[in-house]
Amino acid sequence: MTPYDKREGKIWYNNELVEWNDVKLHVLSHGLHYASCVFEGLRVYDGEIFKLEEHTNRLFHSAKRMDIKIPYSEEEINQATKKIVSNQNVQNGYIRPFAWRGSEMMAVSAQKTKIHVAITAWEWGTYFDPKLKTEGIKLNISNWRRPAPNTIPWDTKASGLYMICTLSKHEAERDGYTDSLMLDHEGNVAEATGANIFFKDKNGELHTPIPDSFLDGITRRTVIEIAKSKNIKVHERKISPKELSSFVGCFLTGTAAEVTPVSKILENDYKVCNLILDLSSSYEKLVRKKKAA
Ligand SMILES: Cc1ncc(COP(=O)(O)O)c(C=O)c1O
């Protein structure tokens, strides 16, 4: 695989289109040392950006929560995102906008650092191996917990939140799992390392944790709407890990993960049933709606 610093094309960097390989950040950047960085992840389907405004809005929310003032308006970032997608000619791919603190200060206090913004886009396929979209993925349960809401800006896509996600995912992969289920600070089911989680019960109803200490995914909200439009009941509630054995189905949702069935969480087996495959194909239809219409 071509490393991400050796790709072709341009990157939107501080309001200019710069050659991909020429975008550099200094080793003494505050964002690198103190995780003063926020980002987004969007997808492009058939040349159209899915939920651009919602993602840009969340980028600004994350920045505000991190005391980072992005030196552009949301509309300017929306336009810049469209520009880089078109410049890179991305048809089906991924967009990564991010903002971080520069190198003017190298200490905890960062009041005088410049805020840099970059937007990158590239062609991309599925997050997990495509065959797992029908077979389902296997999760372990992480030893790391999502932090309590009064310990970190939990409702953001801030880089620091992903430290324990990478550790959890590495541990899962070492043990032969695809991903990891993380519990919240009270020991309830929370989410996977980069996606939200849903369960199906014996009556065909869905259950998903209340996002009160982790990201309320844009895909999560979209899938809840799709399910409700199909008259499937969705219960947003606290879910204990003791309940895992009582569910019959499970799936993850996320911009990268889309709707991905889960076939196993430790010793608990789940069926990749028609309801989950149907939700997955309805999501696929929705994201490609504009071109199909
Ligand atoms: C930790 C985490 N949870 C949930 C999600 C799902 O969010 P969304 O559906 O908005 O992509 C993501 C992906 O962005 C994530 O990184």
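Residues numbered from 1 in each chain as written. Predicted model: local features only at pLDDT ≥ 70, side-chain atom pairs only at ≥ 80, totals over all residues. Heavy atoms only, no water.

### Overview of a negative patch on the surface
On the surface, Glu53, Glu54, Glu75 and Glu76 cluster together into a negatively charged patch. Elements represented by at least two residues in the negative patch include exactly helix 2 (52-65) and helix 3 (74-87). Relative to the helices and strands, Glu54 resides in helix 2. (Patch = residues over 30% accessible without salt bridge, like charges linked within 9 Å, V, L, I, M, F, W, Y side chains within 5 Å. Areas by Shrake-Rupley, 256 points an atom, 1.4 Å probe, with all protein chains shown as cover. Salt bridge = Lys/Arg side-chain N within 4 Å of Asp/Glu carboxyl O. Lys, Arg positive; Asp, Glu negative; His and termini not counted. Charge placed at Lys NZ, Arg CZ, Asp CG, Glu CD. Helix = DSSP H or I, 4+ residues; strand = E, 2+ residues; numbered from the N terminus.)

### Side note on empty space enclosed by the protein
For the structure shown, the criterion picks out three cavities of 30 Å³ or more. By volume, the largest cavity is sized at about 50 Å³. In terms of lining, the largest cavity is formed by Arg43, Tyr45, Phe50, His55, Ile218, Thr219, Thr222, Thr255 and Tyr283. Ranked by the residues each element gives to the lining of the largest cavity, the list is headed by helix 6 (residues 218-229), at three residues. Grouping the amino acids of the lining of the largest cavity by side-chain chemistry returns four nonpolar, four polar and one charged. (1 Å grid on protein atoms, 1.4 Å probe; cavity = no way out; pocket = protein on both sides within 12 Å on 5 of 7 lines; lining within 4 Å. Points joined across faces, edges and corners; volume = space filled by probe spheres on them. Nonpolar A, V, L, I, M, F, W, Y, C, P; charged D, E, K, R; others polar.)

### Observations concerning the packing of helix 2 against helix 3
For any two helices packed against each other, one specifies the inter-axial angle together with the distance between the axes. Contact geometry of helix 2 with helix 3 gives a least axis separation of 10 Å together with a crossing angle of 125 degrees. Between helix 2 and helix 3, the angle falls in the class oblique. Where helix 2 crosses over helix 3, the two elements pack in a sense that is right-handed. Every residue of helix 3 that contacts helix 2 at Leu52, Glu53, Thr56, Asn57, Leu59 and Phe60 is listed here: Glu74, Ile77, Asn78, Thr81 and Lys82. (Axes fitted to C-alpha atoms, helices over the stretch in contact; angles between N-to-C directions. Parallel < 35°, antiparallel > 145°, perpendicular 65-115°, else oblique. Left-handed = near helix turned anticlockwise from the far one by under 90°. Contact = heavy atoms within 4.5 Å.)

### Points about the layout of surface pockets
Its boundaries defined by the atoms lining it, the largest pocket holds a volume of some 860 Å³. Among the secondary structure elements, those contributing two or more residues to the lining of the largest pocket are strand 3 (37-39), helix 2, strand 6 (93-101), helix 5 (163-174), helix 6 and strand 14 (249-254). Looking at which element gives the most residues to the lining of the largest pocket, the answer is helix 5, with four residues. A breakdown of the residues in the lining of the largest pocket according to their chemical character gives 18 nonpolar, 13 polar and six charged. Residue-level mapping places the lining of the largest pocket at the junction of two domains, with at least three residues from each of domain 1 (10-123) and domain 2 (132-292). (Domains from an automatic or database assignment.)

### Things to note about the pattern of salt bridges
The tally for this structure, following the rule as stated, stands at 19 salt bridges. Here Arg58 ties to Glu40 by a salt bridge, and the two come within 2.7 Å at their closest N and O atoms. Placement of Arg58 in helix 2 and of Glu40 in the loop between strand 3 and strand 4 (42-45) is noted, with a sequence separation of 18 residues between them. The two residues Arg58 and Glu40 agree in class, both being buried. (Buried < 20%, exposed > 50% of the residue type's maximum accessible area, 1.4 Å probe, protein only.)

### Details of a nonpolar patch on the surface
On the surface, Val27, Leu28, Tyr34, Met106 and Val108 cluster together into a nonpolar patch covering about 480 Å² of accessible area. Residue placement: Val27 occurs in the loop between strand 2 (16-19) and helix 1 (30-34).

### Details of helix 3
The end-to-end C-alpha distance of helix 3, which contains 14 residues, comes to 20 Å, matching closely the 20 Å that a straight helix rising 1.5 Å per residue would cover. Restricting attention to buried positions, one finds in helix 3 the residues Ile77, Asn78, Ala80, Thr81, Ile84 and Val85. One side of helix 3 carries all its buried residues, which in axial view fall inside an arc of 165 degrees. (Expected span 1.5 Å × (residues − 1). Arc of directions from axis to C-beta.)

The quantities given are spatial measurements derived from coordinates; they are silent on function.
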